[in-house]
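Take a look at the letters that make up each chain.
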Amino acid sequence: MESFILYAISDSIGETAQQVAKAAISQFDIKEDMYDVRRFPYVSTKEVLVEILQSAKKENAIIVYTLVSENLGDVVEEFCEKEDLHCVDLMSQILNILTDKIGESPKREPGIIRRMNEEYFRRIEAIEFAVKYDDGKDPRGVLKADLVLVGISRTSKTPLSMYLANRNIKVANIPLVPEIPIPKEVFEVNPKKIIGLTNSPEKLNEIRQARLKALGLSSSANYAKLDRILEELEYSDKIMKKLSCPVINVANKAIEETSGLILDIMKENGIKKKIHTVK
């Protein structure tokens, strides 16, 4: 059997064309030294494309391509027809089918899927960050965070951290406890990146009693007593004033509502990052 060369040409990273080509080749009993798949990524101009096609002609290569630009795709088709080269367009047919189905024209923007993948990995990184620096586990995290949440127990610090992480925001949260000094790192952070969370005494009493019950503990524990809650709220109020940070009362607010307020504050303070909209 004669050996052959396959060109995988793309206006993005080119991994799709290369992998499809290899997947097809794997369906035949062909030794690896009998073929060569060469990837040509980020082809965005006619001049570069024609140069690659001329090289393909010299090697009588098979061409597999994913070019969202109709103009570049036409260049490949016309060249291959003229020079009697085999070529496979992996993009146009499915785009045409989707256009008929959806009733809209495609964006024809190279690299969209790669950007989507990058967005996904940034989101995973933010989620891992929120887990690592949750509840003051490592105070050094506040220096790396996009946002720092501070508040006493049961002010939604953790769920808010995770919710915002899904919008690519790295959040560290620090619990405020009267008996435990606040980490010095918090005072080294730009106050614009800190948001205080508070709650009404009545709501905290209700939530903490429910928490104790869920843990199988007595609801009369000091943790849920109103006097203790008022003491903690007074302490947190002093800390937040010292930090000069905005404060949000989460009482009777859904996580989505509080998150929206936080994003608004970040925008006003000029620290709002590109966010990912969860659907």
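Attention in this report is confined to the structure presented alongside it. Per chain, the residues get numbers from 1 upward, laid out in the order the sequence is written. Confidence filtering applies because this is a predicted model: local features only for residues at pLDDT of at least 70, side-chain atom pairs given and counted only at 80 or more, and all residues used for totals across whole chains, interfaces and linings. Water and hydrogen atoms were dropped before computing side-chain values, which therefore reflect all heavy atoms in the structure.

**Here's the deal with the sheet that holds strand β6 (residues 171-175)**
Next, step 1: Reading across the sheet, the four strands line up as β6-β5-β7-β8 and stay open at both edges, with parallel pairing between neighbours. Of all strands in the sheet, those bounded by a partner on one side alone are β6 and β8 (247-249). Neighbour-to-neighbour, the strand axes of the sheet open up by a mean angle of 25 degrees, direction not taken into account.
Next, step 2: Think of it this way: DSSP has to see at least two bridges between two strands before they count as a pair. Elements are defined by DSSP. Helices are runs of H or I of four residues or more, strands are runs of E of two residues or more, and each kind is numbered from the N terminus. Bridge count between strand β5 (residues 147-151) and strand β7 (residues 194-198): four bridges; the pairing is parallel. Within β7, the residue paired with G151 across the bridge is L197. Helix axes use the C-alpha atoms of the stretch in contact, all axes being lines fitted to C-alpha atoms, and the angles between their N-to-C directions lie in the range 0 to 180 degrees.

**Observations concerning the side chain of T198**
Next, step 1: By the element assignment, T198 lies in strand β7.
Next, step 2: Whether two residues touch is decided by their heavy atoms; if any such pair falls within 4.5 Å, the residues are in contact. In this structure T198 touches T155, L233, V247, I248, N249, V250 and A251, once residues within four positions along its chain are discounted.

**Description of helix α3 (residues 70-83)**
Next, step 1: An ideal rise of 1.5 Å per residue puts 20 Å on 14 residues; α3 measures up with 20 Å between its terminal C-alpha atoms.
Next, step 2: For every residue, the accessible area obtained with a 1.4 Å probe (protein chains only) is divided by the maximum for its type, and the residue is called buried under 20%, exposed over 50%, and partly exposed between those limits. Along α3, the residues classified as buried are L72, G73, V75, V76, F79 and C80. Buried positions in α3, seen along its axis, are confined to an arc of 155 degrees and lie on one side of it. Summarising the geometry of α3, the exposed residues directed more than 90 degrees from the buried face are E70, N71, E78, E81 and K82.
Next, step 3: Looking one or two places after α3, you find D84, whose phi comes out positive at around 60 degrees. By this rule the span expected of a helix is its residue count minus one, scaled by 1.5 Å. Directions are taken from the helix axis to each C-beta atom, and the arc is the one they span.

**Describing unusual backbone geometry**
Next, step 1: Look at D84: it is not a glycine, yet its phi comes out positive at around 60 degrees.
Next, step 2: Locating D84 in the fold gives a position in the loop between α3 and β4 (87-89).
Next, step 3: Taking the relative accessible area as the measure of exposure, D84 reaches 67% and is therefore exposed.
Next, step 4: A positive phi angle is found at D135, which is not glycine, with a value near 55 degrees.
Next, step 5: Mapping D135 onto the fold places it in the loop between α5 (112-132) and β5.

**Quick look at the nonpolar core**
Next, step 1: In terms of nonpolar packing, the biggest core is built from 22 residues, with V148, V150, L176, I194 and L243 touching the most fellow members.
Next, step 2: Of all the secondary structure elements, the ones that give two or more residues to this core are β5, β6 and α8 (226-243).
Next, step 3: Ranked by residues supplied to this core, first place goes to α8 with six residues.
Next, step 4: Once residues within four sequence positions are removed from consideration, I194 is found in contact with V148, V150, V186, V189, L243, C245 and P246.
Next, step 5: What is meant by a nonpolar core is a set of buried Ala, Val, Leu, Ile, Met, Phe, Trp, Tyr and Cys residues, joined one to another through side-chain atoms within 4.5 Å. Within the second largest apolar cluster, 18 residues are counted, among which are V43, L49, L72 and L85.

**Observations concerning the pattern of salt bridges**
Next, step 1: Within this document, salt bridges are pairs made up of a side-chain nitrogen of Lys or Arg and a carboxyl oxygen of Asp or Glu, the two lying within 4 Å of each other. Using the criterion set out here, one finds 13 salt bridges in the structure.
Next, step 2: In this structure, the salt-bridge partner of E188 is K184, at a minimum N-O distance of 3.9 Å.
Next, step 3: Overall, K184 belongs to the exposed group, its relative accessible area being 56%.
Next, step 4: Each member of the salt-bridge network shares a partner with another, and the members are E179, R208, R228, E231 and E232.

**Some details on the sheet that holds β4**
Next, step 1: Taking strand neighbours across the sheet as the criterion, the four strands line up as β2-β1-β3-β4 in an open arrangement whose pairing is parallel. Edge strands, defined here as strands with exactly one partner in the open sheet, are β2 (35-40) and β4. Strand-to-strand twist across the sheet, computed as the mean angle between neighbouring axes with direction ignored, equals 15 degrees.
Next, step 2: In this sheet, β4 lies alongside strand β3 (residues 62-66) in parallel orientation, the contact comprising three bridges. What sits directly across from I63, in β4, is C87.
Next, step 3: Along the sheet, helix α2 (residues 46-59) contacts β1 (4-10), β2 and β3; its crossing angle with β1, the most-contacted strand, is approximately 170 degrees.

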